[in-house]
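Structure at a glance
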Amino acid sequence: MILRTHYSGDITPEMDGKEVTLAGWAHETRDLGGIAFLVLRDRKGLAQVTLVKKLVGKELFKSVRSISRESVVQVRGNVKAEPKAPRGFEIMPTEIRVLGSAEVPLPLDPTEKVECELDTRLDSRFMDVRRPSVLAAFEIESAVLRSIRDYFYSQGVTEVFTPKIVAAATEGGTDLFPISYFEKEAFLNQSPQLYKQMLMGAGMDRVFEIGPIFRAEEHDTRRHLNEAISIDLEVSFADDKDAMELLEGAVVAAYRYVTENCLRQLEAIGLNLSVPKVPFRRITYTEALELASERDVKMQWGDDLDTETERFLGETIGEHYFLTDWPSSIKPYYTLPYEDRPEVCRGFDLMHPRMELASGAQRVHDHGMLVSRIKEKGLDPAGFEFYLNAFRYGMPPHAGWGLGLSRLVMTMLNLENIRDAVIFPRDRRRLVP
RNA sequence: GUCCGGAUGGUGUAGUGGCCUAUCAUGGAAGCCUGUCGAGCUUCCGACCCGGGUCCGAAUCCCGGUCCGGGCGCCA
């Protein structure tokens, strides 16, 4: 049995006289002597419950005074259109039940009147999410996921799951978290990359996966976490240009869906969101260096972009853009080099002015070339056998990318810290809650 | 990892050697109040991160630790 008939946000003055039951949290109470107000909050908004002493009787009136802030309450009563009340209506209660009382003092202030540091908020995340602007960000994140899934389905992409527990640190580069797997050593996967490529060899043609990735790096910034959600796509019989179109398509689909369907949440955050225009600008790595050379001469062709250069490019360009044609030396072995100039490869990054959102590439699909690229990177092909086998019996040309969900949401909502876009973030220090 | 900054009631803060029996807001307790909507008014409650040192005297200065924030690095 559902304990409410309506959410606060669903009630309008036109429902005057209707009996409703609301359930939520005691956002605040105000006792004026002969009249008292209880503001009830649920996920869709606030509703004012008005208690007139003479109407509700001493008992019920008195009971409201004993309800602590943030206690869970159920209120049965009648809607009354009332111009003096917020949103033009109030609830005239016949019954108020406390379903879960809240202790005092609270670990933070859910009414958002008193500021609160991020660390304090994360320690009591369950209460932090009661704050309307915090809840709104996570509801928008859900909308982003929904819209991107819808977009993928409209493009004929199949959703898959690949293992997060893997045998070895086969991808080189970043640090993996080791775990104990019965009598064997295992790791938490840092990317579904190898698996989604194998599924191209499996003939699944177009796949996507939305799932966690784990990186054991010691980075400690506002835009890095050790556990993140990655939106990964891989498509066969397609090249890097096709993959970029699908990427900008997914991003714009998300922005469009949010602007059309999350008005209440955007208002709670105080954000006026506009949809970026496609196609996004394409800028080659070499062009980016030339742009940056006006200010920064430290960068040499072949270096990865440092934070300062990245920020300069963002400020100069001012909107989403693709960085293409990277030096092969700083992209992973599975990125396809250009045939006529192998020092440059068909890898790309999707950039927001504030940071990198996604990276992808046209992949190497020739078995022999892949083996030599692995060797060139100083890795041992023997460790990649399970992966390389998929390239020996008919692997189609393919391309794909991985997009950071939290970075997408963070940049969309202009959040200061990536932890504002993850309900229970895992960073260098935080393992609880 | 590294550099810089910080740690004061439940929460957010003021306070740069004595004026601190520590400021303000929010909150909590008690009371008044029939239209609040960041309600108002009265009274009360509640804090200097830990350890060592300097000094007649330390929230304040020094050393070490812990934790936190920001920058950079690291990051296919």
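Residues numbered from 1 in each chain as written. Chains lettered and ligands numbered in written order. Predicted model: local features only at pLDDT ≥ 70, side-chain atom pairs only at ≥ 80, totals over all residues. Heavy atoms only, no water.

**Description of the overall build of chain A**
Looking only at helices and strands, chain A features twelve helices and 16 strands. Projected onto the principal axes, the alpha-carbon positions of chain A cover approximately 90 × 55 × 40 Å. Evaluated residue by residue, chain A yields a buried proportion of 52% over its 433 residues. Look at the contacts in chain A between residues 6 or more apart in sequence, and 64% of them connect residues 24 or more apart. With an accessible surface of roughly 21,100 Å², chain A has 52% of that area assigned to carbon and sulfur atoms. Here chain A contributes 55 positively and 67 negatively charged side chains, and the mean placements of these two sets differ by 8 Å. (Helix = DSSP H or I, 4+ residues; strand = E, 2+ residues; numbered from the N terminus. Buried < 20%, exposed > 50% of the residue type's maximum accessible area, 1.4 Å probe, protein only. Contact = heavy atoms within 4.5 Å. Areas by Shrake-Rupley, 256 points an atom, 1.4 Å probe, with all protein chains shown as cover. Lys, Arg positive; Asp, Glu negative; His and termini not counted. Charge placed at Lys NZ, Arg CZ, Asp CG, Glu CD.)

**Here we look at the sheet that holds strand S7 (residues 165-166)**
Strand order in the open sheet formed by three strands is S7-S9-S8, with antiparallel pairing between adjacent strands. The strands lining the two open edges of the sheet, one partner per strand, are S7 and strand S8 (178-181). Sheet topology places S7 next to strand S9 (residues 184-188); two bridges connect them, and they run antiparallel. Looking at the pairing, Ile165 lines up with Leu188 of S9. (Pairing = 2+ DSSP bridges.)

**With respect to the pattern of salt bridges**
A complete count under the given rule lists 33 salt bridges for this structure. One salt bridge connects Glu95 with Arg76, and the closest N-O pair in it is separated by 2.9 Å. Taken together, the residues Glu95 in strand S5 (residues 89-100) and Arg76 in strand S4 (residues 72-81) connect sequence positions 19 residues apart. On the basis of relative accessible area, Arg76 is assigned to the partly exposed category, the value being 32%. (Salt bridge = Lys/Arg side-chain N within 4 Å of Asp/Glu carboxyl O.)

**Considering the nonpolar core**
Membership of the largest hydrophobic core comes to 50 residues, with the highest contact counts inside it found for Val144 and Trp401. Elements with a minimum of two residues in this core: helix H4 (132-154), strand S10 (206-214), strand S11 (227-236), helix H6 (240-261), strand S14 (347-352), strand S15 (355-362), strand S16 (398-404) and helix H12 (405-412). With eleven residues, H6 is the single largest residue contributor to this core. Every residue in contact with Val144, bar those within four places of it in the chain, is listed here: Ala254, Val258, Leu405, Leu408, Val409 and Met412. The next biggest cluster of nonpolar side chains, apart from the first, holds 21 residues, and it includes Met15, Leu22, Leu38 and Phe89. (Core = buried A, V, L, I, M, F, W, Y, C linked by side-chain atoms within 4.5 Å.)

**Regarding the pairing of S4**
On a regular strand, each side chain points to the face opposite its neighbour's, so the side chains alternate between the two faces of the sheet. When strand S1 (residues 19-31) meets S4, the two strands line up antiparallel, connected through seven bridges. Residue Glu19 lies in a different strand from S4, and its bridge partner there is Asn78. Summarising the sheet, S4 and S5 pair through ten bridges and their orientation is antiparallel. Residue pairing in the sheet places Gln74 in a bridge with Arg97 of S5.

**Thoughts on H6**
Across its 22 residues, H6 extends 31 Å between first and last C-alpha, which sits within 8% of the 32 Å expected from 1.5 Å per residue. Between a side-chain oxygen at the N-terminus of H6 and the backbone nitrogen of Lys241 the separation is 3.0 Å; the capping residue is Asp239. (Expected span 1.5 Å × (residues − 1). Polar contact = N/O pair within 3.5 Å; in protein donor to acceptor, adjacent residues only side chain to side chain.)

**Details of the domain arrangement of chain A**
Segmenting chain A into domains produces domain 1 (8-100) and domain 2 (128-421). The partner domain 2 presents four residues to the five residues of domain 1 that form the contact. At the boundary of domain 1 with domain 2, total buried surface from both sides reaches about 450 Å², with 45% on carbon and sulfur atoms. By the criterion of area lost to domain 2, the three top residues of domain 1 are Arg41, Arg43 and Lys44, representing 72% of everything that side buries. On the surface where domain 1 and domain 2 come into contact, there are one salt bridge. Between Arg130 and Glu70 there is a salt bridge, with the nearest N and O atoms lying 3.0 Å from each other. In this assembly, domain 1 and domain 2 are joined by three residue pairs in polar contact (both at pLDDT 80 or more). (Domains from an automatic or database assignment. Buried area = accessible area lost by both parts, 1.4 Å probe.)

**Notes on the packing of aromatic side chains**
Tallied over the entire structure, the rule returns 14 aromatic pairs. Plain terms: the ring middles of Phe280 and Phe322 are 6.0 Å apart, the flat faces sit at 40 degrees to each other, and that makes the pair tilted. Linking Phe280 in the loop between helix H7 (263-269) and strand S12 (281-284) with Phe322 in strand S13 (residues 321-324), this pair joins segments that are 42 residues apart in sequence. On the accessibility criterion, Phe280 (3% relative accessible area) is buried. Taking 5.3 Å as the distance between ring centres and 80 degrees as the angle between the ring planes, the aromatic pair formed by Tyr333 and Tyr334 counts as edge-to-face. One aromatic cluster in this structure is built from Tyr151, Phe152, Tyr153, Phe208 and Trp401. One residue, Lys331, lies across the ring of Trp326, its end atom 4.5 Å from the ring centre. Just above the ring of Tyr338 sits the side chain of Arg341; from NZ or CZ to the centre is 4.6 Å. (Phe/Tyr/Trp six-rings, centres within 6.5 Å; stacked < 30°, edge-to-face > 60°. Lys NZ or Arg CZ within 6 Å of the ring centre and 35° of its normal.)

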